[in-house]
Number of protein chains: 2
Amino acid sequence: MRKFSRLKGLFNMSIEDSSTYTLGSFFIALASIFIVGKIVSSLFVKYKQPEVLGELIAGVLLGIVGLIPLYGEVGYHFFHLLAEVGVAILLFEIGLETDLNDLIKVGLPSLIVAAIGVIAPFFLGYYTIYVLADLNFIKFSSEGSLFLLALTVAATLTATSVGITARVLSELKKLNQTESKIILGAAVIDDVLGLIILAVVSGIIASTGGTGSDFSISISSIILISAKAFGFLILAIIIGNLFTKRLFIFVHGLKARGSLLLGALAYTFIFAYLAKLAGLAPIIGAFAAGLLLAKTHQKDLIEDRLKPVADVFIPIFFIMVGSAVDVSSFNPFIKENIAVIILAVVLFIVAIIGKLVSGLGAYNLNVNKLVIGIGMIPRGEVGLIFASMGLLSGVLSKSEYSAVTIMVMLTTFIAPPLLYKFFRD
Amino acid sequence: MRKFSRLKGLFNMSIEDSSTYTLGSFFIALASIFIVGKIVSSLFVKYKQPEVLGELIAGVLLGIVGLIPLYGEVGYHFFHLLAEVGVAILLFEIGLETDLNDLIKVGLPSLIVAAIGVIAPFFLGYYTIYVLADLNFIKFSSEGSLFLLALTVAATLTATSVGITARVLSELKKLNQTESKIILGAAVIDDVLGLIILAVVSGIIASTGGTGSDFSISISSIILISAKAFGFLILAIIIGNLFTKRLFIFVHGLKARGSLLLGALAYTFIFAYLAKLAGLAPIIGAFAAGLLLAKTHQKDLIEDRLKPVADVFIPIFFIMVGSAVDVSSFNPFIKENIAVIILAVVLFIVAIIGKLVSGLGAYNLNVNKLVIGIGMIPRGEVGLIFASMGLLSGVLSKSEYSAVTIMVMLTTFIAPPLLYKFFRD
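The structure presented is a predicted model; accordingly, all values stated were derived computationally and were not measured. Numbering of residues starts from 1 in every chain and runs along the sequence as written. Whichever chain is written first becomes A and whichever ligand is written first becomes 1, with later ones labelled in order. Where local features are concerned, this predicted model is filtered to residues with pLDDT of at least 70; where side-chain atom pairs are given and counted, the filter is 80 or more; whole-chain, interface and lining totals use all residues.

Draft legend 1. Inspection of the overall build of chain A at higher detail. Note on conventions: DSSP H or I runs of at least 4 residues are helices, E runs of at least 2 residues are strands, and numbering of each starts at the N terminus. A count of helical and extended segments in chain A gives 17 helices and zero strands. Exposure classes come from backbone-placed C-beta atoms, where a residue is buried if 20 or more other C-beta atoms lie within 10 Å of its own, exposed if 12 or fewer do, and partly exposed in between. The buried share of chain A, taken over its 425 residues, is 57%. By the convention adopted here, residues make contact when the C-beta atoms placed from their backbones lie within 7 Å. Taking all contacts inside chain A whose residues are at least 6 apart in sequence as the whole, residues at least 24 apart take part in 80%.

This is the structure:
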C-alpha cells in the first residue's frame, strides 16, 4: 500500500483532495511569489534601491495576505525547502565569483572583524539587559533567571547572516572589492563562532534547568565543536582542490542534457550536506563548493547556466524571510505591543552599534570600515535559533521573544539600503 | 506560536531534529537524483538511446536503493511537487516550440486519433477481461462485479500520458513534424475524453456501491464536465491571445533580475491552476501557456532562459516516475507474482494494440501512422487514477491492481525506444 500511495501522489489528480495542500494552490502560491516579488523589486530597482529589499517587502505583503501559509503545513515545508535551495545557490554563486586566494589574503582582518563583531554585541547586549532590569523595565524572578536572560539576548545579537549582505554586494557588483572579501570571510568565521556560543549557552541553560544557578559546561565539548567546524572548512577546501578540476572535466564530458549544471548543483548540495554534518550552516558548504568550482575550466559555463536557475530559487528565500514577519506585533495601537517595540528598538540599536564597530577590525587596511560594519549587521538564522531556544526553555517570555525577532528582522531590512547608500560609487 | 514555528522552520538549524525529514537528507536526495540521473542518461545518450529512458531507469535504481523515500512523508511530497513543476515546465517548453495554427490544422486527425485511441483499448480491454474470466483465470463473485472489473480495467487502458512522448519528440528534434503535432493534439483531446470516462465510470461504481447492479449516471453531469474542459481550453486560447503579447512587453520592461523568466513561469503556473480548476490535468494548462507565449516577441529569450531551469526540474519528474516502480512485484520467483505478471503482460499487449491502431485515424494524411500509434502508447496519470479508484472501491483486488500498475509502467518504458527506432532519420 505504500507504493500505492506513492503512485497516487505522483500522478496528481487524487480522487478526493483530502490532503492538506492541493496542487492547484501550490501553483498559485508559486506564481504569486514570482509575480509580487518581481513587481515590487522592479519598483525598487527603478528607484535605485536594493532589489533584495523589494523581495523582502514582497514577502511581508504575501505574508499579510496570507498567501504563503495558505496551502497548509506540507506546502509550507515545501517553500521552506525551496528557500533553503535558494540561499544555497546564492552562496554557491557568490563563492563562484570569489577568488579563494584573495579570501585567504584577508584572513586576518576577517578574523578580527568576526571576533569584534561577536564580542562587542555580546557584551553590549548583556549589559543592556542588566541596565533595563535596573530601570525596572524588565521583570525577572531571580538573579539566576536574569543572568540567563542577559546571556540569551546577548547570544542572539552575535551571529551574522551573510545571505542579505552577499546579495546586495552582488547587486552592487562589488564582490571583487576588499571590503566584500573581508565581510564574506568574517561571516564564515562568524558562523563557526556562533556555533561555539550556541554550544556554550545551550549547555549553560540545560545544566541549570533554566534557573541560571550552578552551571557547568565542558571545555572539551567546545573544543570538539570548534575543531569539527574549522576542520570541515579546511579539509573541504584541501581535499576538494585535489579532485574537483578532474571531476568537472569528466562531468563536462557527460552527454545528457544539462549535465554540467546539474553536476555543479549536486556538488553544491553535497557540500551543504557535509557542512550540516559538521554542525555548520549548509550555506557555508555551498560557499565552499563555489570557491572550489571557481578554479575549474568550466567556471564561466557553470556561471552562465546557473543564472536563470538562481533567478528562480533565490527570490524564494528572501520572500520567505519577509513573509515570516509578524506585522501585527508592530502595531503600536495594541497596548501590549508598546513594551515589546521599545525593547526591540533598544536591542536593534545595540545590534547595529555592536556590528558597526566590528569594521574597525580592518584597522590597518585602506578600506571603508563603515561598509564592513554595515555588511555585518543582518542577523537571521543563528540569532533566531538562540531566540527560539530561549523561548522553549522558558528563559525568554513570549514578549521578549517577540522583541528579539523584531530586532532580527529590522537588522535584515536596514542593511540593504545602508549598503546602497555607503557602498555605491 | 504559529509565526514562531514558521521562523524556526525557515532558519533551518532547529534545535532538535524531530521533524520527519532533515535538511541534510533532502540535499543528499536531490544530489543523488541529479548525479544518478545524469550518469545513467548520459550512458543512454552515448549509445544513441532515449535520454528519458535513462532517467526512468535511474529512478528505478534510486527507488530500489530506497533513496527517494528516505526522507519521510514531507520529503516525499516535496519531490512530488518538484516533479509536478518539472512536467509542467516540460509541457510549457513543448508548447513554446509548437505553432498553434499548425495544431489547429491537424485538429480533425488529432480528434480521430484520440477517439480511436480511447475506444479501441476500452473495448479490447473490456472483452479481454470477459475472456480471461471464461478461462477461469479471473475470479469474480457475481456478474455485476465482473462487469465493474471489466469496466475499470478498460478505463485504465484509455488514457494517454503525453509527458514521455513529448520529451522523446523533443530529444529527436521532431516537434515540427506533422506526426508530432497530431500526437500532441490527440493527447490534449484524450485528456478531456479521459475526464469524461472518469466521470462515467466513477459514477457507475458509486451508484452501485461496487456491486455492479442497478446503476444510473446523469447525462447532464457528463455534459457539464465536457463543457468545462473543452470550454477552458478554447477560452484560455482566445482570451489569452487578447492580452498575452502586451502583457509580456510589460513583463520584459520590468527591471528586476530574471523578470521575464519568472513572468513566463508564473504565467505557466496560473494556466496550470486554471486547468486544474476546470478538472483537467495541470500540464494541459501549461501546454496552452506555451502555445500562447510562442506568439510573443520574447519567445526566443524565454526559451533560452528557460532551458537551464528545465534541465533542473524535468529530470525530477521522470526519476520520480521510475522510482514509483515496485520492482519486487516483477520477481517471478515469488509464486503469487506469476498470475499478476501474466495478467499484466496480457493487459500490456492489449494496451499496445489498442493505441497502435489509433494511428490509423490519420488515414488521409501522408504521415507515419505507426509513429503516431507508438506516441499514444504511454499511460500514466489518468490510468493510475482509475486503478487506484478501483482498488479503493474494492472493484480491483490487490493483485489485479498490481497488474494494472505494471501494465502502465511497461507502456511508459516501451514507448521511448520504439519511438527512437521508428521515428529517427
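Draft legend 2. Structural context of the packing of helix H11 (residues 259-277) of chain A against helix H2 (residues 23-46) of chain B. Structural elements are reduced to axes, namely lines fitted to C-alpha atoms, with helices fitted over the stretch in contact, and the angle between N-to-C directions of any two is expressed from 0 to 180 degrees. Where H11 of chain A contacts H2 of chain B, the axes come no closer than 8 Å and their chain directions differ by 150°. When the interaxial angle is binned, H11 of chain A and H2 of chain B end up roughly antiparallel. With respect to the hand of their crossing, H11 of chain A and H2 of chain B are arranged in left-handed fashion. Here Ser259, Leu262, Gly263, Leu265, Ala266, Phe269, Ile270, Ala272, Tyr273, Lys276 and Leu277 of chain A of H11 of chain A lie close against H2 of chain B, whose contacting residues are Leu23, Gly24, Phe27, Ile28, Leu30, Ala31, Phe34, Ile35, Lys38 and Ser42 of chain B. Of the residues assigned to the contact of H11 of chain A with H2 of chain B, the class counts are 15 nonpolar, four polar and two charged. Roughly parallel means an angle under 35 degrees; roughly antiparallel means over 145; roughly perpendicular covers 65 to 115; every other angle is labelled oblique. Rotating anticlockwise by less than a right angle from the far helix to the near helix defines a left-handed crossing, while the corresponding clockwise rotation defines a right-handed one. Three classes are used: nonpolar for Ala, Val, Leu, Ile, Met, Phe, Trp, Tyr, Cys and Pro, charged for Asp, Glu, Lys and Arg, and polar for all others, with Gly counted as polar.

Draft legend 3. Local environment of the relation of the copies chain B and chain A. Mapping chain B onto chain A is achieved by rotating through 180° and translating by 0.0 Å along the same axis, at an RMSD of 0.0 Å. Between the two chains, the operation in question is that of a two-fold axis. A share of 100% of the interface residues of chain B reappears at the interface of chain A, consistent with the copies meeting face to face through the same patch. All copies are superposed by least squares; the fitting set is the C-alpha atoms of residues with a pLDDT of at least 70 in both.

Draft legend 4. How the structure looks around helix H14 (residues 335-356) of chain B. All names here are of chain B. When the terminal C-alpha atoms of H14 are compared, their 32 Å separation across 22 residues agrees well with the 32 Å that a helix rising 1.5 Å per residue should span. Looking only at H14, the buried set comprises Val340, Leu343, Ala344, Leu347, Phe348, Val350, Ala351, Ile352, Gly354, Lys355 and Leu356. Lining the buried residues of H14 we find helix H6 (107-134), helix H7 (143-156), helix H15 (369-375) and helix H17 (398-422). Expected helix span is computed as 1.5 Å times (number of residues minus one).

Draft legend 5. The arrangement of the interface of chain B and chain A in detail. Counting residues at the interface gives 71 residues for chain B, matched by 72 residues for chain A. Where the side of chain B that touches chain A is concerned, the elements lending two or more residues are helix H1 (2-10), H2, helix H3 (51-65), helix H4 (72-96), helix H11 (259-277), helix H13 (299-323) and helix H16 (381-392) of chain B. Across the side of chain B that touches chain A, the residue classes tally to 43 nonpolar, 14 polar and 14 charged.

Draft legend 6. Structural detail: the environment of Ile104 of chain A. Residue and element names in this part refer to chain A. Structurally, Ile104 is set in helix H5 (residues 100-105). Since 13 C-beta atoms lie within 10 Å of it, Ile104 is described here as partly exposed. Placed 78 residues apart in sequence, Ile104 and Ile182 show a C-alpha to C-alpha distance of 9.6 Å.

Draft legend 7. Focus on the packing of helix H2 (residues 23-46) of chain A against helix H3 (residues 51-65) of chain A. Residue and element names in this part refer to chain A. For the pair H2 and H3, interaxial distance at closest approach is 7 Å and the crossing angle is 135°. Judged on the interaxial angle alone, H3 and H2 are oblique. The crossing of H2 and H3 is right-handed. Mapping the contact onto sequence places Ser32, Ile33, Val36, Gly37, Val40, Ser41, Leu43, Phe44 and Val45 in H2 and Glu51, Leu53, Gly54, Glu55, Ile57, Ala58, Leu61 and Leu62 in H3. Grouping the constituent residues of the contact of H2 with H3 by class yields 11 nonpolar, four polar and two charged.

Draft legend 8. Main features of the confidence of the model for chain A. All names here are of chain A. Confidence of the predictor at the level of single residues is captured by pLDDT, which takes values from 0 to 100. On average, residues of chain A carry a pLDDT of 84, and 90% of them reach 70 or more. When pLDDT is averaged over each element of chain A, H11 comes out on top at 94 and helix H1 (residues 2-10) at the bottom at 39. Considering only residues more than four positions removed or in separate chains, one finds that residues 1-20, a stretch of pLDDT under 50, has 34 contacts.

Draft legend 9. Focus on unusual backbone geometry. All names here are of chain B. With a phi close to 60°, Asn136 is a non-glycine residue in the positive phi region. Along the chain, Asn136 falls in the loop between H6 and H7. A count of 7 C-beta atoms within 10 Å places Asn136 in the exposed class.

Draft legend 10. A look at the environment of Phe317 of chain B. Position of Phe317 of chain B relative to the elements: it lies in helix H13. Excluding its chain neighbours within four sequence positions, the residues that come into contact with Phe317 of chain B are Ala83, Gly86, Val87, Leu90 and Gly163 of chain B.

Draft legend 11. Structural context of the environment of Ile222 of chain A. Residue and element names in this part refer to chain A. Of note, Ile222 is situated in helix H10 (residues 219-253). Distance from Ile222 to Leu261, taken between C-alpha atoms, is 38 Å for residues 39 residues apart in sequence. Not counting the four nearest positions on each side in its chain, Ile222 is found in contact with Ile196, Ala199 and Val200.

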